[in-house]
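Understanding the architecture of this molecule
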Amino acid sequence: MPAEKISIDNAKKEKLFYFVANVVVYRESDARCLILKRDEREKVHPGKYAVPGGKLEWKDLDIANPTRLNGEVLDFEDGVEDLLKREVFEESGVEIEKDLVYINSVSFVRPDETPVVLVKFAAKYKCGDVKLEKDRKSVV
């Protein structure tokens, strides 16, 4: 029987991680990459310059709308692609192409003791002018 809700009640605590993805946005026309200043309230590298990205959230796995049922497993295809497309647009107003190129990954422990898996990608700039979220600065 497929899951009826998302919960960490049955998860093994030693198996839990935050899942974070970042993307290098490359614009071929002028050979530039998008770099944004992180919010001072961030737990990791506050106020530093970085490429856009974000954390996979519970709401990203809409239990009522999986992309497919794989036996009794609810699949959410393109979750990372959708996460990065949304985060880049929210943070900068820029749209990226759907195809991602894997760069590498790193696991680390945040200063607040939260374990994280960070997966890094590259994507081509699709369109849009940089319009930053409030209190952000950018380098394009």
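The text that follows walks through the structure, step by step, so that each part is easy to find. Here the structure is a predicted model, which is why all the values come from computation and not from measurement.

**Here we look at the overall build of the chain**
Regarding its fold elements, the chain presents 1 helix and 11 strands. For the chain, the N- to C-terminal ordering of α and β elements is β-β-β-β-β-β-β-α-β-β-β-β. Projecting the C-alpha coordinates of the chain onto the three principal axes gives extents of approximately 50 × 35 × 30 Å. The burial tally for the chain puts 23% of its 140 residues in the buried class. In the chain, 63% of the contacts between residues at least 6 apart in sequence involve partners at least 24 apart. Distance between charge centroids for the chain: 5 Å, based on 25 positive and 28 negative side chains.

**Quick word on unusual backbone geometry**
Within the chain, D78 stands out as a residue other than glycine whose phi angle is a positive 65 degrees. Topologically, D78 is positioned in the loop between β7 (73–75) and α1 (79–92). The phi dihedral of E113 is positive, around 75 degrees, even though this residue is not glycine. Take E113: it is sitting in the loop between β9 (101–109) and β10 (115–127).

**Digging into the environment of I35**
Mapped onto the secondary structure, I35 falls in strand β3 (residues 35–37). You can call I35 partly exposed: its relative accessible area is 31%. Note: C-alpha distance between I35 and F19 (16 residues apart in sequence) is 21 Å.

**Considering the pairing of β10**
Across 9 bridges, strand β1 (residues 18–27) lies against β10 in parallel orientation. By the bridge assignment for β10, V20 is matched with L118. As paired strands, strand β8 (residues 95–96) and β10 are joined by 2 bridges and run antiparallel to one another. Bridge pairing in β10 links I96 to Y125. Bridging between β9 and β10 involves 8 bridges; their strand directions are antiparallel. Pairing of F108 across the sheet is with V116, part of β10. Between β9 and β10, which pair antiparallel in sequence order, lie 5 residues; one of them, E113, sits at a positive phi of approximately 75 degrees.

**So, α1**
In this model α1 runs 20 Å from its N-terminal to its C-terminal C-alpha over 14 residues, within 8% of the 20 Å that 1.5 Å per residue would give. Within α1, the full set of buried residues consists of L83, L84, E87, V88, E91 and S92. An end-on view of α1 places all buried positions within 120 degrees of arc, on one side of the element. Of the surrounding secondary structure, the elements contacted by the buried residues of α1 are β1, β3, β5 (53–55), β8 and β10. Note on α1: the residue one or two positions beyond its end, G93, has a positive phi of about 80 degrees.

**Observations concerning the pairing of β1**
The sheet contact formed by β1 and β5 spans 3 bridges and is antiparallel. Pairing of N22 across the sheet is with G53, part of β5. The hairpin formed by β1 and strand β2 (residues 32–33) contains 4 residues between the paired strands, and A31 there has a positive phi angle of roughly 55 degrees.

**Description of the environment of V119**
Structurally, the position occupied by V119 is in strand β10. Measuring from C-alpha to C-alpha, the distance between V119 and V106 comes to 6.6 Å, with 13 residues separating the pair along the chain. Not counting chain neighbours up to four residues away, the residues in contact with V119 comprise F19, V20, A21, N22, Y102, N104 and S105.

Reading guide: rules and limits
Residues numbered from 1 in each chain as written. Predicted model: local features only at pLDDT ≥ 70, side-chain atom pairs only at ≥ 80, totals over all residues. Heavy atoms only, no water. Helix = DSSP H or I, 4+ residues; strand = E, 2+ residues; numbered from the N terminus. Buried < 20%, exposed > 50% of the residue type's maximum accessible area, 1.4 Å probe, protein only. Contact = heavy atoms within 4.5 Å. Lys, Arg positive; Asp, Glu negative; His and termini not counted. Charge placed at Lys NZ, Arg CZ, Asp CG, Glu CD. Pairing = 2+ DSSP bridges. Expected span 1.5 Å × (residues − 1). Arc of directions from axis to C-beta.

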